[in-house]
Amino acid sequence: MSSRREQSYFDRLKKIQDNSKRQIRNARPRSKSRSGISGERSDELTKNRVDKAWSLALKSCQDSKYLERQNATVKPMNKPWKTIRLFVSSTFHDFQVERDILVKKVFPDLRAWCKGRKLHLVEIDLRWGVPSGLDAELAVHTCLGEIERCYKENTFPFFLSMLSERVGWIPDHHVVSDAIRKSYDWIDDLSITEMECVQGAFRSKNPNALFLLRNPSFVHTLPEGVKSKFTDEIPVGSYKAACFREKIDECFSDAQKLLYYAKYAGKTDASGVPLLTGFEEIFVEKTLNFFKQQIERQYPSLVESGSNKWQELTDLHEAFKDDEASLIGDLPVWNNQIEDLQAYINTKGDKSPYIMTAVSGSGKSSCLAVFLNRVAQDYPDFKTFHHFVGAVPGSVSYVQLVKRIAVFLQLDENKPISLIVGQIKNTLNSTSDYVMLVIDAYNQLDEMSLTWLPCPLKENVHVIITGREDVADYLQNNYSRGLTVKTLKKMDEAGRRKLVHASLGKYNKTLDNEQMDILLSKESSSSYYWLSLACEELRIFGHFSLLTDKIASLPDDLVELQCQILHRLEAELDTRSWLLVASLCLLVTSRTGLLEDELLQILAEPPNILPEHLRENRFSEKLALKKWKDIQRSIRPFVKYNGDTAENRLNIYHTSFKEAVERVYFSSEKVTYKWFHEKLASYFEKCLRLDRKLEEYPYHLAESGQKDKLADFLCDSEVIFGYFNPMFSKELAQLWGAVDSDYNELATRYTNLASDIIEDCELHLDERISQVLVLADVCFQNAKFQESLHILNDIGELVKMVNEEKGAQFFHAKLQYQKAKSLERNVFLEKKKGEETSEEIEEIEKELTNSYELLKDFGANSEMLTYCGDICNRMAMLCYRKARKAFRDKNTTLADKILIEVSTWLDSGEGCYLRTGDMVGFANCQISRGIFEKDHEKKREYFTKAEKMLGGGGLHLTYGRFCRNKGRFHQYANEIQEAKKYLVGFYHNSVSLYGENHPETKRANELLSDLNENKKN
């Protein structure tokens, strides 16, 4: 608020206050008589009694116990999280609009702000918190007792009072018992609203009390039929309200007051509540700023020194866990499931991971959160790690998960991911500590690999994973031991009843028996998420007289309930509802969510201002933050911030809410989806951040059918390098698959691109070679071996031009290594077994040997050692083929000599992998030994050893190779069921890595078909 605006405000406030005082002085009663009063005869209340009531109330504030409160010291936060209780006091009918603004706009923003400071905000809005039929004594006890609870929690309560021309209900003298009067001997002739203010503000001269004063002259502008809702019926009503304002003015500073002006909109809402306008901005701003300032003053945010990004992520996961568990606490909602989980961690002997499956919205996150808290209490010696996928920025990243586990186990997270997973397995296999790893919503990870997971688990190591119903089958296909799979048990009626009591009781609200029965009679009330959403809808519903009808109108379906919520949000946003619709549709169609800044820029495009041919590619800077705040507030319960912690990347959290958005807004699916994919493609085409462009732009080109544009994009050198992975460029392969399922377009374009780069003299020589080597490798990865060889042969002359130094040596080594790989696959995959010529084998051997000799001079460099390990493994495979050929030619002496070379090469390869700690590479050598070994039982031993090293396996080239060869091993042994298990694993691994149409996936499918055919025969 500017200084001029502040001065104007205080001038108006002073004028109102002077008028109030003058009104009181002019109307002072002359008679000092006092007569009894009942609720039926409230018109007998006199001005003299009003003065005496306030005199007695303020005098009672001088009592020693209340003076102690004024000088009380706020207790420091001794727990990770602190609860902030904010009491809202006002009459109900005339402040319905303001209370709705508080509940739907102010408190959600304040709650989010508090959450960032490890504070739980609980607002106490008693519009229907006092049950129907409650007598005066209990009403007084409920309201004042709730304020006492605020004192106990926060020392100085956070208190919000709204006042205009009504003071509300005044309980009769005779209905207030001696017990209540003994505790509160000052309450006679005060309304409930006045009592709340005395108790919550005047008692302690509360610095955390804010008074929002609607201009009293407002009532004179109202039509007669509306005015009665904003004034008291008793003759001294206006005097009593003016006296109330005077006491506030005398006791509290200007900083604790806001005078605001409202206008009658000339209409009512569907419930008959008169609508007010013209005050919302200053009302929201003042309330938010005041309580932020006071909360920060009372509970300063603590910034831990030395905190790093991993600790920040751990804190965020801890916050999410506490938030999920806070509602349930010690309620027996999940007791049966938790007992089952406890039985698992008490299991003796080796074990498998515990997989808990459930449909979306069943409450598995809440169940895990409560379980984790009980483990912390009952098993203090356990070292516990938890990761809630999708709940914390970046948590959907498999790489982030693996690195967080590494940090938890005190390992180096900066090593290549293939080495980290090996270290994790080794640590979990060797630790003597009791370790528990809990991962929620595994199916939401961007890569569902189990490579980091040992198989089996030691007795003291416990792994609990949750996911949708289909996640168990997927994980089982990628884990070589039977999993412990359980389905989350549904809440019984007693548990549901307790959940409703806890959810609403947190805000001092309750349902009567009829209302509770109607709510729990719905089948969907067995869904934790449905019931939580339903309770939240009821909590913010402000019309007590219509509450039963509201409960009955809640759809008995999770998705339909969220559809109803969408319609409510649209109605509340009114003319800005298109922003809500656009935001949700854009998030649904995005691939990885949208940064807040990106969404603001996209939403700034005027939807109707420009003609259609001028709209494309014309964006204003970004949507005004003020407009965005309303949208953000509306969708906050349904989105999570993913990506990096500093990114503010929004994504829809629950799949059921995504379904609701699709059901409401994507009725004409193809047209609507295509529209938004084209919008996002148009935006990301101009995006300057390469990482975001790689994540989103090609996906939207593919989804909107723009294949030529997609192919052009995938030929950009910066893009190719952005996607390239020397192990396998998964995203690049899948995107090219969207262009051409046979990858012929990739081969043609990259061959031509390689020729252009070789002839581009403006590029530095090293850069040209690096780019062409990558193109050759991508062709190799997608089974275009002849094109890869063609590119490598063309680049040979360039490599010779590089000066003879370490850089040149590396280029020569990589060139020969890649030529050897392409020759090997071209020869051994394109030809039938035994048809390869000696000359072809010798050429491959020459390239591999030369590459190895060049690379081994680089010493302990982990990248070079990995290359050397792979070359050794390939040389062993090549020698094995030579030995087989010698056996076929009856030359056993030569064959036995070559087999010694096989073992020597594998020893060297294992040595390279051990030096880097790469147990996946080491396992690859064990797979080769299993392939080469003649003895059946020794073969089995090698494969078993490899399987243990690979752990859970999944989504890895080596795991695919293992499954393929272990499956064939069982097939040759006529162990058909075991063979099928591993060949199915090979197929699923291939689909996940390469996509449905990749040659390696087709190969996996052929092996399965052959197995099934042989089984029939």
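Notes on the structure in this doc start here. The shown structure was predicted, so the numbers you read here are calculated from the model rather than taken from an experiment.

Per the secondary structure count, the protein chain includes 43 helices and 15 strands. Scored against the burial criterion, the 1017 residues of the protein chain give a buried share of 56%. When contacts within the protein chain are restricted to residue pairs at least 6 apart in sequence, long-range pairs at least 24 apart make up 74% of them. Entry remark: accessible area of the protein chain is about 44,300 Å², with carbon and sulfur atoms responsible for 48%.

As a further point, take the packing of helix α12 (residues 335–345) against helix α13 (residues 364–378). α13 packs onto α12 with a crossing angle of 50° between their chain directions and a minimal axis gap of 10 Å. Taken together, the axis directions place α12 and α13 in an arrangement best described as oblique. Every pair of crossing elements has a handedness; the one defined by α12 and α13 is right-handed. Contacts between α12 and α13 involve Asn335, Gln337, Ile338, Leu341, Gln342 and Ile345 on the former and, on the latter, Cys367, Val370, Phe371, Arg374, Val375 and Asp378. Looking at the contact of α12 with α13 residue by residue, the classes come out as seven nonpolar, three polar and two charged.

A sheet is described by the order of its strands in space; here five strands give the open sequence β2-β1-β3-β4-β5, paired in parallel fashion. Among the strands making up the open sheet, the edge pair consists of β2 (119–125) and β5 (257–260). Neighbouring strand axes in the sheet, compared pairwise and without regard to direction, differ in orientation by 15° on average. Across four bridges, strand β4 (residues 209–214) lies against β5 in parallel orientation. Within β5, the position partnered with Leu212 by the bridge is Leu258.

The next thing to look at is the nonpolar core. Counting 225 residues, the largest nonpolar core has Trp334, Tyr442, Trp452, Leu519, Leu714, Trp736 and Tyr750 as its most contacted members. It is helix α37 (residues 862–888) that contributes the most residues to this core, 13 residues altogether. Excluding its chain neighbours within four sequence positions, the residues that come into contact with Tyr442 are Tyr398, Leu401, Met448, Ser449, Leu450, Trp452, Ile465, Thr466, Gly467 and Leu475. Counting 45 residues, the second-largest nonpolar core is a separate cluster that includes Ile124, Tyr151, Trp186 and Leu190.

Cut-offs used in this document
- Residues numbered from 1 in each chain as written.
- Predicted model: local features only at pLDDT ≥ 70, side-chain atom pairs only at ≥ 80, totals over all residues.
- Heavy atoms only, no water.
- Helix = DSSP H or I, 4+ residues; strand = E, 2+ residues; numbered from the N terminus.
- Buried < 20%, exposed > 50% of the residue type's maximum accessible area, 1.4 Å probe, protein only.
- Contact = heavy atoms within 4.5 Å.
- Areas by Shrake-Rupley, 256 points an atom, 1.4 Å probe, with all protein chains shown as cover.
- Axes fitted to C-alpha atoms, helices over the stretch in contact; angles between N-to-C directions.
- Parallel < 35°, antiparallel > 145°, perpendicular 65-115°, else oblique.
- Left-handed = near helix turned anticlockwise from the far one by under 90°.
- Nonpolar A, V, L, I, M, F, W, Y, C, P; charged D, E, K, R; others polar.
- Pairing = 2+ DSSP bridges.
- Core = buried A, V, L, I, M, F, W, Y, C linked by side-chain atoms within 4.5 Å.

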